[in-house]
Amino acid sequence: VAATLPELAPLSVRAGMSIEMERRSNRVFSSALAAACREGRVPETEIDARVREVLRVKRRLGLFDDPLIDAEKVRRETDTTKSQTFAREAATRAAVLLKNEKDVLPLARGRRVALVGAAGADKDLLFGTWTTWTANPDRLTVEEGLRSLGMDVVFTPAYGRKGDADQIDVAVLERACASADVVVATFGMRRAGGEAQSRSDISLIACERRASEVIAASGKPFVAVLFTGIPVAIPELAERADAILEMWGAGSCAGIATADLLTGAASPSGRLTCDFPVTTGQCPIYYNHLPTGRPYDPSKHFSSRYVEGPNAPLYPFGFGLGYTTFAFSPTTASAGNGSVVLACTVTNTGRRKGRTVVQAYVRRLFAGRSTPVRELRGFEAVTLEPGEVHRVEIRVPVERGTYEAVLARDSRTGDPVRAEVR
């Protein structure tokens, strides 16, 4: 529309633009509008009209009645015990336990824990992108959260990123591992989300990959805690770590929520809402993709596959573990009235209270157009005491046709059944 900012300024005002969201590289009003007004290219009456519009909106918002914000009052009324409790619970519900071999988690009391990685004491990284800790300076870090729950913790940064530089002190990390019974390593991809932060590689940064190698070589039980706003390619952690906990950008109570989950004060029950690829090259990767003309078949050379790696994700959509175990009866399906009713019984076979998410997937076997290999069409969260049994029924509205359906605790379990809707 305009070749220069001086040309753009009067056009913007005449078009009715009253406020500019400034960026350093594009300050039209502050750099060019005053000059355009002085030179007579924009009449002062037009400026008055635009200012009047801004003032009108401010008056409707009541900003002239009480122009100054009482920050302490805002904090008292919003940062309440109720809101803190909700934030803490939301963080624990959203977290996903991706791996837990040898029952490393929850951490046993009395064991000396080496907490390593910059994210262990970095509130800003835990909180996520487009946020600030200014209003919540008293929130706990992961280190402080673990201490508050009675754990014997020694924190050592050892590795992390400062600015654009990866930093790792291998000798310090090795000493920290040697002095502990179990190592809890934090990994956080700073600048992995938000504005202007697209990435061509979603694997861990170099110092974190190296740190995972050093920790694994120590032979100590290795717990990896991820603070990422995106799915990440973590084949190194999947191979080396005994347990992996994805916390995402867990909000204002991230530190204590992480401690809750690590110590067993809370049980993880979240499920992945996206696939975690093995490598960046698998992207885009999503569970409900179309089958293509040559669906993947490991026994056939000419099918849609990668020649140097797996087709399947490292951790699939819907996946998530907990601190107890559940048994599922075979899925049954009944069809009628334009829907399929899927049913099974769920039993908590472990020794702890736990929450699982039963998921209903369907796949249309015959259709006049290409349909996804499967689609999540319903789910039910179930919380059970040890030994408790619960029957789950999920009604899935479908069109007429033949379907393959399954009820699953996560996307790796469950035997499909067929249903025909006439």
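For clarity, every value in this text was computed on a predicted model and none was experimentally measured.

Tell me about the environment of F227, residues and numbers included.
The residue F227 is located in strand 7 (residues 222-227) in this model. According to the relative accessible area criterion, F227 is buried, its value standing at 3%. Residues F227 and A250, spaced 23 residues apart in sequence, show a C-alpha to C-alpha distance of 7.7 Å.

Requested: an account of helix 2 (residues 28-38), with residues and values cited.
Within helix 2 the residues assigned to the buried category are V28, F29, A32, L33 and A36. The buried residues of helix 2 occupy one face: seen down the axis, they fall within an arc of 115 degrees. Check the buried side of helix 2 and you find it contacts helix 1 (5-14) and helix 3 (44-60).

Could you give an account of the packing of aromatic side chains, with specific residues and numbers?
Counted according to the given criterion, the structure contains five aromatic pairs. Above the face of the Y361 ring, R374 is positioned so that its terminal group lies 4.5 Å from the ring centre.

Could you give an account of unusual backbone geometry, naming the residues involved and the relevant values?
Working note: non-glycine residues mostly have negative phi, and peptide bonds are mostly trans. The peptide bond linking L105 to P106 adopts the cis configuration, its omega dihedral lying at 0 degrees. Along the chain, P106 turns up in the loop between strand 1 (96-100) and strand 2 (112-116). One non-glycine residue with positive phi stands out, namely K102, at about 60 degrees. Among the structural elements, K102 can be located in the loop between strand 1 and strand 2. Here K102 falls in the exposed class, since its relative accessible area comes to 72%. With phi around 50 degrees, D103 is a residue other than glycine that occupies positive phi space. Positionally, D103 belongs in the loop between strand 1 and strand 2.

Before we move on, could you go through the side chain of T156 and cite the residues and values that matter?
Assignment of secondary structure puts T156 in strand 3 (residues 152-156). Judged by its relative accessible area of 15%, T156 falls in the buried class. The contact partners of T156, leaving out residues within four places of it in the chain, are L115, V116, G117, V172 and A176.

Give me the lowdown on the pattern of salt bridges, citing residues and values where you can.
Taken as a whole, this structure holds 13 salt bridges when the rule is applied. Put simply, K102 and D242 hold a salt bridge, and the shortest N to O gap is 3.8 Å. Within this pair, whereas K102 is found in the loop between strand 1 and strand 2, its partner D242 is found in the loop between helix 10 (235-240) and strand 8 (243-246), the two being separated by 140 residues in sequence. A residue is classified by how much of its surface remains accessible, and D242, at 11% relative accessible area, is buried.

Conventions we followed
- Residues numbered from 1 in each chain as written.
- Predicted model: local features only at pLDDT ≥ 70, side-chain atom pairs only at ≥ 80, totals over all residues.
- Heavy atoms only, no water.
- Helix = DSSP H or I, 4+ residues; strand = E, 2+ residues; numbered from the N terminus.
- Buried < 20%, exposed > 50% of the residue type's maximum accessible area, 1.4 Å probe, protein only.
- Arc of directions from axis to C-beta.
- Contact = heavy atoms within 4.5 Å.
- Phe/Tyr/Trp six-rings, centres within 6.5 Å; stacked < 30°, edge-to-face > 60°.
- Lys NZ or Arg CZ within 6 Å of the ring centre and 35° of its normal.
- Salt bridge = Lys/Arg side-chain N within 4 Å of Asp/Glu carboxyl O.

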